[in-house]
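Report on the structure
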Amino acid sequence: ARFDAHLADLRAALAARPDDPTLQFLVGYHLWFLGERAEAAKLFRKAAGSVTDSGPADRFLTEFEGKKA
């Protein structure tokens, strides 16, 4: 139940600040491990386009696209 509340709080924070790459990455990370990889990839792409070092998001995107790192 605490995880669900935590994820709901993260989603609410992202809704309030939709252009925040940190929140995009965090929500994407949670969704990825919940099995919602397509939705997570959308958030990782947004985050990667907004930061100087997109390495962490790019690693998930590489996996999502089936490429070798």
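The coordinates are above.
Reading guide: rules and limits
Residues numbered from 1 in each chain as written. Predicted model: local features only at pLDDT ≥ 70, side-chain atom pairs only at ≥ 80, totals over all residues. Heavy atoms only, no water. Buried < 20%, exposed > 50% of the residue type's maximum accessible area, 1.4 Å probe, protein only. Helix = DSSP H or I, 4+ residues; strand = E, 2+ residues; numbered from the N terminus. Arc of directions from axis to C-beta. Contact = heavy atoms within 4.5 Å. Axes fitted to C-alpha atoms, helices over the stretch in contact; angles between N-to-C directions. Left-handed = near helix turned anticlockwise from the far one by under 90°. Nonpolar A, V, L, I, M, F, W, Y, C, P; charged D, E, K, R; others polar.

1. As for helix α4 (residues 55–64)
- Turning to α4, its buried residues number three or more, namely Ala 57, Phe 60 and Leu 61. The buried residues of α4 occupy an angular sector of 100 degrees when the element is viewed end-on, so they sit on one face.
- Of the surrounding elements, those touching the buried residues of α4 are α2 (21–33) and α3 (37–48).

2. Examining the environment of Gly 28
- Turning to its location among the elements, Gly 28 is positioned in helix α2.
- A C-alpha to C-alpha distance of 9.6 Å links Gly 28 and Arg 45, two positions 17 residues apart in sequence.
- In this view, Gly 28 contacts Ala 40, Leu 43 and Phe 44; residues no more than four positions away in its chain are not counted.

3. Topic: the environment of Leu 10
- Relative to the assigned elements, Leu 10 resides in helix α1 (residues 2–16).
- Of the residues examined, Leu 10 reaches a relative accessible area of 11% and is grouped as buried.
- Sequence-wise, Leu 10 and Lys 46 are 36 residues apart; in three dimensions their C-alpha atoms are separated by 16 Å.
- Those residues within four positions of Leu 10 in sequence are excluded, and the remaining contacts are Leu 23, Leu 26, Val 27 and His 30.

4. Looking at the packing of α1 against α2
- Where α1 contacts α2, the axes come no closer than 9 Å and their chain directions differ by 145 degrees. Crossing of α1 over α2 shows left-handed handedness. Across from Phe 3, His 6, Leu 7, Leu 10, Arg 11, Ala 13 and Leu 14 in α1, the residues of α2 making contact are Leu 23, Gln 24, Leu 26, Val 27, His 30 and Leu 31.
- Residues that form the contact of α1 with α2 fall into these classes: nine nonpolar, three polar and one charged.

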